[in-house]
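In case you want the letters, here they are:
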Amino acid sequence: MTTTLKQQLQEDLTASIRARDELRSGTIRLTLSAITNEEVSGKVARQLSDDEVLKVIAREAKKRREAAEAFETGGRPESAARERAEGELLAAYLPKQLTDDELTAIVADAVAEAKAGGAEGPRAMGAVMKLVNPKVAGLAEGGRVAAAVKQALAG
């Protein structure tokens, strides 16, 4: 039987507690808590699939990045460093993110395809996003994708 991502997180939590790794155990504990909250948030409790768990981890990693930026602008470098470290820890569970070049290439293909389909101007943004999103799901953050699409349509 293969282990699910949630089981992997639970095993890593146990190992980090044994190793007395405060940062790792705290981060994994919070992430598991977010996963559990997601599981019981509907009308009926359910088990999340690995893809759904990945979405929760990605959301948690994004929260850490945003918090690190906020702490940085607020003049709290220690807190920013901790948030950044937690974000990097979570990123290890996520699929490798696309590089800027890879993302630009995917977006360029989608723009060409959308224009061939007759999409022009601001309306092309939605058409291109519909083509790009399935290809980059989980591999690039939405804001990055949208910025790349805007840039491709503008240039």
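Before reading on, note that the structure itself is shown above.
Since this is a predicted model, take the numbers as computed values, not measurements.

A. Quick look at the packing of helix H5 (residues 100-116) against helix H7 (residues 142-154). Where H5 contacts H7, the axes come no closer than 9 Å and their chain directions differ by 55°. One element, H5, and the other, H7, form an angle in the oblique class. When you trace H5 past H7, the crossing you get is right-handed. Taken together, the residues of H7 that come into contact with H5 (itself represented by Asp100, Leu103, Val107, Val111 and Lys115) are Arg144, Val145, Ala148, Val149, Ala152 and Leu153. Within the contact of H5 with H7, the residues separate by chemical class into eight nonpolar, no polar and three charged.

B. Structural view of the nonpolar core. Core analysis: the biggest nonpolar cluster contains 16 residues, and Leu103, Val107, Val128, Val132, Val136, Val145 and Val149 have the highest contact counts within it. Going through the elements one at a time, H5, helix H6 (123-136) and H7 are the ones with two or more residues in this core. Filtering out sequence-adjacent residues up to four positions away, Val132 remains in contact with Ile106, Val107, Ala110, Val145 and Val149. Residues Leu13, Leu32, Ala34 and Ile35 belong to the second largest nonpolar core, which totals 15 residues.

C. Expanded view of the side chain of Thr27. Here Thr27 lies in helix H2 (residues 22-39). Not counting residues within four places of it along the chain, the set of residues in contact with Thr27 comprises Arg64, Glu86, Leu89 and Leu90.

D. Representation of the environment of Tyr93 within the structure. Residue placement: Tyr93 occurs in the loop between helix H4 (77-91) and H5. Spatially, the C-alpha atoms of Tyr93 and Ile57 are 7.7 Å apart, while their sequence positions differ by 36 residues. Apart from residues lying up to four places away in sequence, Tyr93 is in contact with Leu5, Gln8, Leu9, Asp12, Arg24, Ile28, Leu54 and Ile57. Engagement of the side chain of Tyr93 in a polar contact is seen with the side chain of Asp12, the distance being 2.5 Å.

E. Just unusual backbone geometry, in detail. Located in the positive-phi region is Arg20, a residue other than glycine, with phi close to 55°. When you line up the elements, Arg20 lands in the loop between helix H1 (5-18) and H2. Assessed through its relative accessible area of 71%, Arg20 is described here as exposed.

F. Region of the structure containing the pattern of salt bridges. Using the criterion set out here, one finds twelve salt bridges in the structure. Here Glu60 and Lys63 are joined by a salt bridge, their closest N and O atoms 3.1 Å apart. Of this pair, Glu60 and Lys63 both sit in helix H3 (residues 50-73), three residues apart, roughly one helical turn. On the basis of relative accessibility, which here comes to 7%, the residue Glu60 falls in the buried class. The partly exposed category is assigned to Lys63, whose relative accessible area is 44%. Its salt-bridge partner being Arg64, residue Glu60 comes within 3.1 Å of it at the nearest N-O pair. Highlighted residues: Glu60 and Arg64, both in helix H3, separated by four residues, approximately one helical turn.

Quick notes on the rules
Residues numbered from 1 in each chain as written. Predicted model: local features only at pLDDT ≥ 70, side-chain atom pairs only at ≥ 80, totals over all residues. Heavy atoms only, no water. Axes fitted to C-alpha atoms, helices over the stretch in contact; angles between N-to-C directions. Helix = DSSP H or I, 4+ residues; strand = E, 2+ residues; numbered from the N terminus. Parallel < 35°, antiparallel > 145°, perpendicular 65-115°, else oblique. Left-handed = near helix turned anticlockwise from the far one by under 90°. Contact = heavy atoms within 4.5 Å. Nonpolar A, V, L, I, M, F, W, Y, C, P; charged D, E, K, R; others polar. Core = buried A, V, L, I, M, F, W, Y, C linked by side-chain atoms within 4.5 Å. Buried < 20%, exposed > 50% of the residue type's maximum accessible area, 1.4 Å probe, protein only. Polar contact = N/O pair within 3.5 Å; in protein donor to acceptor, adjacent residues only side chain to side chain. Salt bridge = Lys/Arg side-chain N within 4 Å of Asp/Glu carboxyl O.

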